[in-house]
Amino acid sequence: MKKIIRPISTLLILMSFSLLFCFSAGADSDTRVSYLGPAGTYTEEAAQFFFRDGEAMQPKETVNDAISDLLSGAADYAVIPQENTVGGAVVNYIDALIGAEGAFVVGEVILPISQTLMGVPGAALEDIKTVCSHPQGLTQSEAWRSEYLPDAATKEMDSTAAAASYVSETGDKSIAAVAAPGAAALYGLEILAENVQITDSNKTRFYVLSRKNLEENDLCRVVFVVTCEGSQIDDVIISLHEAGLEMVALHDRPEGSMLGMYHYVIEAEDAAGVTDAQIEAVCGMNGVRFEGCFRCLTP
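These figures come from a predicted structure and were not determined experimentally.

Asker: What should I look at first to understand the overall build of the protein chain in this one?
Answerer: Within the protein chain, the secondary structure is distributed over 11 helices and 15 strands. Taking all 299 residues of the protein chain together, the buried fraction comes to 52%. Residue pairs in contact within the protein chain that sit at least 24 positions apart in sequence constitute 78% of those at least 6 positions apart. As displayed, the protein chain offers around 13200 Å² of accessible surface, 49% of which is attributable to carbon and sulfur atoms.

Asker: Is there a simple way to think about empty space enclosed by the protein in this case?
Answerer: Picture a little ball the size of a water molecule; that probe, rolled over the atoms, points out where space is still empty. Tallied over the full model, the rule gives 3 cavities of 30 Å³ or more. Of the pockets and cavities examined, the largest cavity occupies roughly 210 Å³. Taken together, the elements giving at least two residues each to the lining of the largest cavity come down to α3 (42-50), β3 (77-84), α6 (135-140) and β11 (203-210). The residue makeup of the lining of the largest cavity, split by class, is 7 nonpolar, 11 polar and no charged.

Asker: How should I be thinking about the nonpolar core in this particular structure?
Answerer: Here is a general trend for soluble globular proteins: nonpolar side chains tend to be buried in one another's company. Counting residues in each nonpolar core, the largest one holds 37 residues, and the members touching the most others are Phe-51, Val-79, Val-208, Val-222, Phe-224, Val-226 and Leu-245. Leave out the neighbours within four places in its chain, and Phe-224 touches Leu-240, Leu-245, Tyr-264, Val-265, Ile-266, Ile-279, Val-282, Cys-283, Val-288, Arg-289, Phe-290 and Glu-291. Of all hydrophobic cores here, the second largest spans 22 residues; its members include Val-63, Ala-66, Leu-97 and Tyr-207.

Criteria and cut-off values
- Residues numbered from 1 in each chain as written.
- Predicted model: local features only at pLDDT ≥ 70, side-chain atom pairs only at ≥ 80, totals over all residues.
- Heavy atoms only, no water.
- Helix = DSSP H or I, 4+ residues; strand = E, 2+ residues; numbered from the N terminus.
- Buried < 20%, exposed > 50% of the residue type's maximum accessible area, 1.4 Å probe, protein only.
- Contact = heavy atoms within 4.5 Å.
- Areas by Shrake-Rupley, 256 points an atom, 1.4 Å probe, with all protein chains shown as cover.
- 1 Å grid on protein atoms, 1.4 Å probe; cavity = no way out; pocket = protein on both sides within 12 Å on 5 of 7 lines; lining within 4 Å.
- Points joined across faces, edges and corners; volume = space filled by probe spheres on them.
- Nonpolar A, V, L, I, M, F, W, Y, C, P; charged D, E, K, R; others polar.
- Core = buried A, V, L, I, M, F, W, Y, C linked by side-chain atoms within 4.5 Å.

None of the figures reported here should be taken as evidence of function without further support.
What follows is the structure, encoded as structure tokens:
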């Protein structure tokens, strides 16, 4: 698989998160990592930075495929997007995590996202009639497109890299993709505009999943999946607080069987390290599933 060379500014930003990602001890060239592909996605970038010892990268068409690889044993780890500064939770990926019983969150990557508009060689901004990208890419570039391409239609793709690949395959000067900067060289496209995201603070959070939970000291973050009625979530939050955990994030999804019943993904922390007693206290409540612990560095 071709390596994507990132701009030095991006690499310097990423290095500030290096302690967060130093997980590769125990991983080697025999380690298989499935992720949302194709080559050139931000998920690939996150996976390559987290695993830096020559692990075998396995691009998959969907997040569900990546998780299926993990659960079946065809992969040792899966890397999946979860949340973006601008677009919020990626709901279908939250659903995938909720359904992934037997998988544990063992790491987190927070990646700066610089969205780039790219087209086929010779295309100009005034030629663009359609912009394609992952729904998050379209959301993150909406304000820019409203100003510079107000009449352009949009087309949703499975990933930003899939959008770049699609534009390359069509060879149509009227179609552009919003994708990672490195996707332009990878798919033979020209950059038409840089930094088309709403804010320079745009970041996406990725989870690293494994079939084995980390059993180490000083793991400061913990993830739970909770299934309960909306009226009962306060009890879970109180249980977190009483256990000495501070809630970091909460995402809700409909459970699907009845109105008012939800799945929740809750991430909590204890800077001193999450203990077994804390986990047991929260998991003692009905409908709570432990989803893993990991070490986190806040920049």
